[in-house]
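Summary of structural features
The chain contents come next:
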Amino acid sequence: MNRILIVTLVFGSSLAANVQCAESAPARLKVSGQEILAPDGKPIRLRGFNVLWWGPPTAQDAADVQELGANCVRYQFGYKPAGKFDPKQLNFMEQQIRHFTGRGMWVIPQVHTFEKKISDKQIAAPWNDAEIQREFLEMWTWIIEKFRSEPFIAAWEPINEPHNATKEQVKEWYVQTVAHFRKLDPITPIVVEGTDYSNPWNLEDYLKLDDPGIIYSFHMYTPHEYTHQQKEKPQDYPGKWSRAFLAEKMSPVIKFREKHNVPVYCGEWGAVTLAPNYEQWLRDVGSILEENALPWTHWAWMVKPQPVNDTFDCNKAKVGIYKVMSQVFKDALPKK
């Protein structure tokens, strides 16, 4: 009888623990074919902004972007590898993320860069240096364990714009990194993007992974000479380009999505606001994304002490771009 009682107690406490764990597990997005699904199983289109730790997002920023119609932010944080993971470098993350999750907005945490300069010609990064990769995975282990139960984490995105790496290096690195993430969190989607700064044409077959919970990403700054132009050499849009030109440059991501039956997401898009007629470029790219049912986060929402017109940033003080992005959201959202 004592043995039965002991077994009952053991299995009873185990069952209670499992029930408690299931109840405390946060709702997550899911991947189904080309769709991203909300926790209720219905398709969801993520739309929002990048927010950046160097222009720390506030509770007011979260309210402002949600008012525009955003349901998502791609949250970029910084970390400088030093040989051993230092959680103190990330002591700002919890508050900044919860400005958005606390409002029911989906958040994609992502490290902006993770590299160490060895010499003028050599950079150590996770895909080419074992020690850097070890610290990188230690950092992400800490992040995932800390936020695994946080509601409204849309996906983990290991790193921004892999570069100075071959396709083979990036593929092998993603395979290893995704496997590590999955040991810690088997359900939350993971965002991956191509090497060479994640242009639309960098989303190629080599990047397709076996994991069914992957969201594939690209960035849209084409034509770079226009979107990143300087005051000294002004170039107008459309000029020698056109909306059709932009659509053609984005066509590889549509082909990738159709061929592999996976979701594709535009993690960044924008043009410097000193570019002549940047408003039309934004409207054209925004409408192309919407016509092709591509989720997106614009680069970027950030409030500075003084509004300036030589950056990509959007905020209420930058009246011109704020007006354009307000219309982009208005055109994109379902009509009531």
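Since the model is a prediction, treat every value here as computed from it, not as a measurement.

What follows concerns the overall build of the protein. Each helix and strand in the protein was counted, giving nine helices and twelve strands. Radius of gyration (C-alpha) of the protein: 21 Å, near the 20 Å computed for a compact globule of 336 residues. Summarising its shape, the C-alpha atoms of the protein cover approximately 85 × 55 × 45 Å along the three principal directions. Residue burial in the protein is summarised as follows: out of 336 residues, 51% are buried. Here the contacts in the protein between residues at least 6 apart in sequence split such that 72% fall between residues at least 24 apart. Accessible surface for the protein amounts to roughly 16300 Å². Of this, 55% is attributable to carbon and sulfur atoms.

Right, let's talk about the packing of aromatic side chains for a bit. Tallied over the full model, the rule gives 23 aromatic pairs. Consider the rings of Phe77 and Trp140, whose centres lie 5.8 Å apart with planes at 65 degrees: the pair is edge-to-face. Of the two residues, Phe77 is situated in strand E4 (residues 72-77) and Trp140 in helix H4 (residues 130-147); the sequence distance between them amounts to 63 residues. With a relative accessible area of 0%, Trp140 lands in the buried category. A centroid spacing of 5.0 Å and a plane angle of 70 degrees characterise the contact between Trp106 and Phe152, whose relative ring orientation is edge-to-face. In this pair, Trp106 sits in strand E5 (residues 106-111) while Phe152 sits in the loop between H4 and strand E8 (157-159), placing the two residues 46 residues apart along the sequence. Assessed through its relative accessible area of 7%, Trp106 is described here as buried. Phe152 sits in the partly exposed class, given a relative accessible area of 27%. Among the aromatic residues, ring-to-ring pairing joins Tyr79, Phe85, Phe114, Trp127, Phe136, Trp142, Trp173 and Tyr174 into one connected group. A cation over a ring is seen here: Lys249 above Trp201, with NZ or CZ 5.7 Å from the ring centre.

Mapped onto the elements, Glu290 comes out in helix H8 (residues 278-291). A distance of 2.8 Å separates polar atoms of two side chains, one belonging to Glu290 and the other to Arg47. Excluding residues that lie within four positions of it along the chain, Glu290 makes contacts with Arg45, Arg47, Trp296 and Ala332.

What follows is about helix H3 (residues 93-101). Taken residue by residue, H3 has Met93, Gln96, Ile97, His99, Phe100 and Thr101 as its buried positions. Considering only its buried residues, H3 is in contact with strand E3 (47-52), helix H2 (59-68), E4, E5 and H4.

On to the environment of Ser287. Along the polypeptide, Ser287 turns up in helix H8. Relative accessible area serves as the criterion here: at 25%, Ser287 is assigned to the partly exposed category.

The next point concerns helix H9 (residues 319-332). Spanning 14 residues, H9 covers 20 Å between terminal C-alpha atoms, matching the ideal 20 Å at 1.5 Å per step. Along H9, the residues classified as buried are Ile321, Tyr322, Val324, Met325, Val328, Phe329 and Ala332. Angular distribution of buried residues about the axis of H9 spans 165 degrees; they occupy a single face of the element. Turned more than 90 degrees away from the buried face of H9 sit Val319, Lys323, Lys330 and Asp331, all of them exposed. Where H9 is buried, its residues meet E3, H2, strand E11 (264-269), H8 and strand E12 (296-298).

Right, let's talk about the pairing of strand E10 (residues 214-220) for a bit. Along E10, seven of the seven residues are buried, which leaves the element largely enclosed by surrounding structure. With burial as the criterion, each face of E10 is covered, one bearing Ile214, Tyr216, Phe218 and Met220 and the other bearing Ile215, Ser217 and His219. Sheet analysis places E10 next to E11, joined by five bridges and oriented parallel. The partner of Phe218 across the bridge, within E11, is Cys266.

Before going further, it helps to examine the confidence of the model for the protein. Averaged over the protein, the pLDDT score is 91; the fraction of residues at 70 or greater is 91%. Note on residues 1-23: pLDDT is under 50 here. Beyond four places in sequence and across chains, it has one contact.

What follows is about the environment of Tyr174. By the element assignment, Tyr174 lies in helix H5 (residues 167-184). Spatially, the C-alpha atom of Tyr174 lies 8.8 Å from that of Pro158, the residues being 16 residues apart in sequence.

Calculation criteria
- Residues numbered from 1 in each chain as written.
- Predicted model: local features only at pLDDT ≥ 70, side-chain atom pairs only at ≥ 80, totals over all residues.
- Heavy atoms only, no water.
- Helix = DSSP H or I, 4+ residues; strand = E, 2+ residues; numbered from the N terminus.
- Rg over C-alpha atoms; globule rule 2.2 N^0.38 Å.
- Buried < 20%, exposed > 50% of the residue type's maximum accessible area, 1.4 Å probe, protein only.
- Contact = heavy atoms within 4.5 Å.
- Areas by Shrake-Rupley, 256 points an atom, 1.4 Å probe, with all protein chains shown as cover.
- Phe/Tyr/Trp six-rings, centres within 6.5 Å; stacked < 30°, edge-to-face > 60°.
- Lys NZ or Arg CZ within 6 Å of the ring centre and 35° of its normal.
- Polar contact = N/O pair within 3.5 Å; in protein donor to acceptor, adjacent residues only side chain to side chain.
- Expected span 1.5 Å × (residues − 1).
- Arc of directions from axis to C-beta.
- Pairing = 2+ DSSP bridges.
- pLDDT = per-residue confidence, 0-100.

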